[in-house]
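Close look at the chain arrangement
Here is what each chain is made of, one letter per residue.
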Amino acid sequence: APIMADTVNNKLIYQPSYYALGHFSRFIKPGAQRILCATTKDELEATAFLNPDGTIVIVLMNWSDRAIDFTLKQDDNAVEVKSPAYSMSTFVIEA
């Protein structure tokens, strides 16, 4: 459950999945279509979406306990990026 209720102490406990869902819903808009995306490093997972406004959203997860340097490429464009350990990063490419 993304949010759990602690009825003894009368407080809400927000789980990591709550923040992950919020992260996706902030950048990936209704009507977006999933597009091809791949990584060349086993520690990284990525998915990408084409939003109705033409922006491309890439969400990257680093499951390892170390920061990983990588190159984000799209067509003829490339940028060097560092993904912190155990992190989720989102990249938005404007149309």
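Described in the following lines is the structure provided in the data block. The model shown is predicted, which means the values in this text are computed figures rather than measured ones.

1. Focus: the pairing of strand S1 (residues 3-6)
Both faces of the sheet carry side chains from a regular strand, because those side chains alternate between them. Bridge count for S1 against strand S2 (residues 11-14) is four bridges, and the pairing is antiparallel. Bridge assignment links Asp-6 to a residue of S2, and that residue is Lys-11. The antiparallel hairpin formed by S1 and S2 contains four residues in its connecting segment, where Asn-10 sits at a positive phi of about 55°.

2. Observations regarding a nonpolar patch on the surface
A cluster of nonpolar side chains, contributed by Ile-3, Leu-12, Tyr-14, Tyr-18 and Tyr-19, occupies part of the molecular surface with about 500 Å² of accessible area. Sorting the residues of the nonpolar patch by element identifies S2 and helix H1 (16-27) as the ones contributing at least two each. Position of Ile-3 relative to the elements: it lies in strand S1. Since its relative accessible area comes to 38%, Ile-3 is described here as partly exposed.

3. Overview of the side chain of Thr-47
Relative to the elements of secondary structure, Thr-47 occurs in strand S4 (residues 44-50). By relative accessible area, which is 14% here, Thr-47 ends up buried. A polar contact of 2.9 Å, which involves the side chain of Thr-47, links it to the side chain of Arg-34.

Quick notes on the rules
Residues numbered from 1 in each chain as written. Predicted model: local features only at pLDDT ≥ 70, side-chain atom pairs only at ≥ 80, totals over all residues. Heavy atoms only, no water. Pairing = 2+ DSSP bridges. Helix = DSSP H or I, 4+ residues; strand = E, 2+ residues; numbered from the N terminus. Patch = residues over 30% accessible without salt bridge, like charges linked within 9 Å, V, L, I, M, F, W, Y side chains within 5 Å. Areas by Shrake-Rupley, 256 points an atom, 1.4 Å probe, with all protein chains shown as cover. Salt bridge = Lys/Arg side-chain N within 4 Å of Asp/Glu carboxyl O. Buried < 20%, exposed > 50% of the residue type's maximum accessible area, 1.4 Å probe, protein only. Polar contact = N/O pair within 3.5 Å; in protein donor to acceptor, adjacent residues only side chain to side chain.

Note that every value here comes from positions in space, so none of it alone points to a role or purpose.
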